[in-house]
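Topology and contacts: notes
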Amino acid sequence: MAQPLSLAKQLQQHGDFLQITLSNPDGLAPLQFTLTDSTTVHIWDSGVICFEPTNAGDKDIVLSCGVHGNETAPIEICAELVQQVLTGKLVLKQRLLVLFGNPAAINAGTREITENLNRLFSGHHSMGAGLINAERHRAKALEDYVSRFYNEVRVTEAAPRNRYLYDLHTAIRGSRFEKFAVYPFLHDKPWQKAEFEFLQACDVTTVLLMQTPASTFSYYASNSHGADAFTIELGKVQPFGQNDMSRFSKARTALRQLVSEDKVSTQPFDEQQFQLYQVYRAINKQTQEFKLHFADDVQNFTAYPVGTLLATDGDTEYRVEREGEAIIFPNAKVAIGQRAMLMVVPTTVQHNLL
Ligand SMILES: O=C(O)CCC(=O)N[C@@H](CCC(=O)O)C(=O)O
Ligand SMILES: [Zn+2]
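Bear in mind the structure is a predicted one, so any value in this text is a computation, not a measurement.

What counts as what
Residues numbered from 1 in each chain as written. Chains lettered and ligands numbered in written order. Predicted model: local features only at pLDDT ≥ 70, side-chain atom pairs only at ≥ 80, totals over all residues. Helix = DSSP H or I, 4+ residues; strand = E, 2+ residues; numbered from the N terminus. Rg over C-alpha atoms; globule rule 2.2 N^0.38 Å. Buried ≥ 20, exposed ≤ 12 C-beta atoms within 10 Å, placed from the backbone. Contact = placed C-beta atoms within 7 Å. Pairing = 2+ DSSP bridges. UniProt positions renumbered as here; feature names shortened; annotations may be inferred. Right-handed = clockwise from strand over helix to strand, strands pointing away. Axes fitted to C-alpha atoms, helices over the stretch in contact; angles between N-to-C directions. Core = buried A, V, L, I, M, F, W, Y, C linked by C-beta atoms within 7 Å. Domains from an automatic or database assignment. Nonpolar A, V, L, I, M, F, W, Y, C, P; charged D, E, K, R; others polar.

1. Some details on the overall build of the protein
- Counting its secondary structure elements, the protein contains 8 helices and 15 strands.
- For the protein, whose C-alpha radius of gyration is 20 Å, the value lies close to the compact-globule estimate of 20 Å for 354 residues.
- In terms of its C-alpha atoms, the protein occupies a principal-axis envelope of roughly 75 × 45 × 40 Å.
- Out of the 354 residues belonging to the protein, those deemed buried represent 39%.
- Counting only contacts in the protein whose residues sit at least 6 apart along the sequence, the fraction spanning at least 24 positions is 73%.

What follows is the structure, given as structure tokens:
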């Protein structure tokens, strides 16, 4: 009688690590196998797959998606990339860790199950009530996997390495600029020209520069591991199968190039080709009465005249204070105490660019 194929063999045949992840959302036994091109594959957990090519280049790259379970386009992009590697269609040049952030929420088709995973990094998972739900455990586990991935490789002065983490998301509402990136707060270190160039290769030319620490995954990688890290928003939330993937073809190509070649083809940075914003203020939800005073179909980066009423929270009114101030990530449904909207203004990076 024919024996059932081992998981390693199945994965090399169909390459569908996403399906294996979603069938085992609560955990997968670690597994290691080697591809025909000699790349070693390590499955560390559900949604956690690490690739170690022989003679790897100097980049340690983490790609994550599904930190919010209903943000499907990035999940499809990462699943496709993993499939291409597992089935031998794409040969890696760089070390790569791919993370499907919240498998249970992906199965449920929801942003989160109990708590917003992207507010639990840099140790926030263990603050307050501590590790009380699956998202808190997952945030801690993801931190541990990222640390293991970056620390497992020897770094010497003669062989320095470069760390990257691109956390792929989609926005809840439409945006004036369909794709945009959030550059985590760098504590006055310079912004990286090469990263703007890579973002442009991904067709992302709108960048929001954060001004304060955050509990997000990208800030964690940037601040705790010195990675060049970004949250990248690829369009608007859609159910699986309803994304127009042609809108992300440049991002898919650039990501493939990033992991399979020494260099990505980019254009020299020219600030004129970018829309750069910085946070002017964050509006946090204080009470259950928090209400937005504009429609659900108003796009991210929309600006209103000074004095326009944007939101109320009990007796507190939030009005436009500055010319050019624009809304981003408005969401009245967040938990009390969390960011319900950011107000952003145009800015420049020329004074602190490397
Ligand atoms: O569209 C929205 O309101 C949210 C989309 C999203 O999930 N954005 C990330 C941004 C993370 C960051 O600030 O780096 C989030 O809110 O977690
Ligand atoms: Zn998201």
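2. With respect to the sheet that holds strand β11 (residues 291–292)
- Strand order across the open sheet formed by 3 strands is β11-β12-β13, with antiparallel pairing between neighbours. Each of the sheet's edge strands pairs with one partner strand only, and the pair in question is β11 and β13 (316–319).
- Looking at chain direction, strand β12 (residues 309–313) and β13 are connected through 4 bridges and run antiparallel. Residue pairing for β13: Leu309 is matched across the bridge by Arg319.

3. Quick word on the UniProt feature "active site" (unreviewed entry) in the protein
- In the numbering used here, UniProt assigns the feature "active site" (unreviewed entry) to Glu233.
- Setting aside residues no more than four positions away along its own chain, Glu233 makes contact with His169, Thr170, Ala171, Lys179 and Phe180.

4. A word on the pairing of strand β5 (residues 95–100)
- Burial within β5 is extensive, with 6 of its 6 residues counted as buried.
- Note: strand β3 (residues 48–52) against β5, 4 bridges, orientation antiparallel. Note that in β5 the partner of Cys50 across the bridge is Leu97.
- Two strands pair when backbone bridges link them, and strand β4 (residues 59–65) and β5 are joined in this way by 6 bridges, in the parallel orientation. When the bridges of β5 are listed, Cys65 appears paired with Phe100.
- What joins β4 to β5 is helix α3 (residues 72–86), and the crossover it makes is right-handed.

5. A word on unusual backbone geometry
- At Ser122, a position not held by glycine, the phi torsion is positive, near 55°.
- Mapped onto the elements of the fold, Ser122 is located in the loop between α4 (103–108) and α5 (134–151).
- Positive phi values are uncommon outside glycine, yet His187 reaches one of about 55°.
- Structurally, His187 is set in the loop between β7 (179–183) and α6 (193–201).
- For His187, a count of 9 C-beta atoms within 10 Å puts it in the exposed group.

6. Description of the sheet that holds strand β8 (residues 206–209)
- In spatial order, the strands read β1-β2-β3-β5-β4-β6-β9-β7-β8-β10-β15-β14; together these 12 strands make up an open sheet with mixed pairing. Of all the strands in the sheet, just β1 (31–34) and β14 (326–328) have a single pairing partner and so form its edges. Neighbour-to-neighbour, the strand axes of this sheet turn through a mean angle of 25°, independent of strand direction.
- The strands that α3 touches are β3, β4, β5, β6 (162–171) and β9 (228–236); relative to β6, the one it contacts most, it runs at about 135°.

7. Examining the nonpolar core
- In terms of nonpolar packing, the biggest core is built from 86 residues, with Val62, Cys78, Val82, Ala181 and Leu208 touching the most fellow members.
- A per-element tally of this core places α3 first, with 9 residues.
- Shared between two domains, this core takes at least three residues from each, and those domains are domain 1 (7–272) and domain 2 (280–343).

8. Topic: the domain arrangement of the protein
- Domain annotation for the protein reports domain 1 (7–272) and domain 2 (280–343).
- Computed from C-alpha atoms alone, the centre-to-centre distance between domain 1 and domain 2 is 29 Å.
- Between domain 1 and domain 2, the contact holds 9 residues from the first and 9 residues from the second.
- Taken together, the residues that form the side of domain 1 that touches domain 2 break down as 4 nonpolar, 2 polar and 3 charged.

9. Some words on helix α7 (residues 217–225)
- Phe217, Ser218, Tyr219, Tyr220, Ala221 and Ser222 are the residues of α7 that are buried.
- The elements touched by buried residues of α7 are β4, α5, β6, β7 and β9.
- Directly beyond the C-terminal end of α7, a positive phi value near 65° is found at Gly226.

10. Some details on the environment of Ala134
- For Ala134, the position within the fold is in helix α5.
- The exposure class of Ala134 is partly exposed, given the 19 C-beta atoms found within 10 Å.
- Residues Ala134 and Glu115, spaced 19 residues apart in sequence, show a C-alpha to C-alpha distance of 8.7 Å.
- Once you skip the residues sitting within four places of it in the chain, Ala134 turns out to touch Ala104, Ile113 and Thr114.

11. Comments concerning the pairing of β7
- With 5 of its 5 residues buried, β7 lies for the most part within the structure.
- With burial as the criterion, each face of β7 is covered, one bearing Lys179, Ala181 and Tyr183 and the other bearing Phe180 and Val182.
- Here β7 runs beside β9; their pairing, made up of 4 bridges, is antiparallel. Its bridge partner lying in β9, Lys179 is registered against Leu234.
- The sheet contact formed by β7 and β8 spans 3 bridges and is parallel. Within the sheet, the bridge partner assigned to Ala181 lies in β8 and is Val207.

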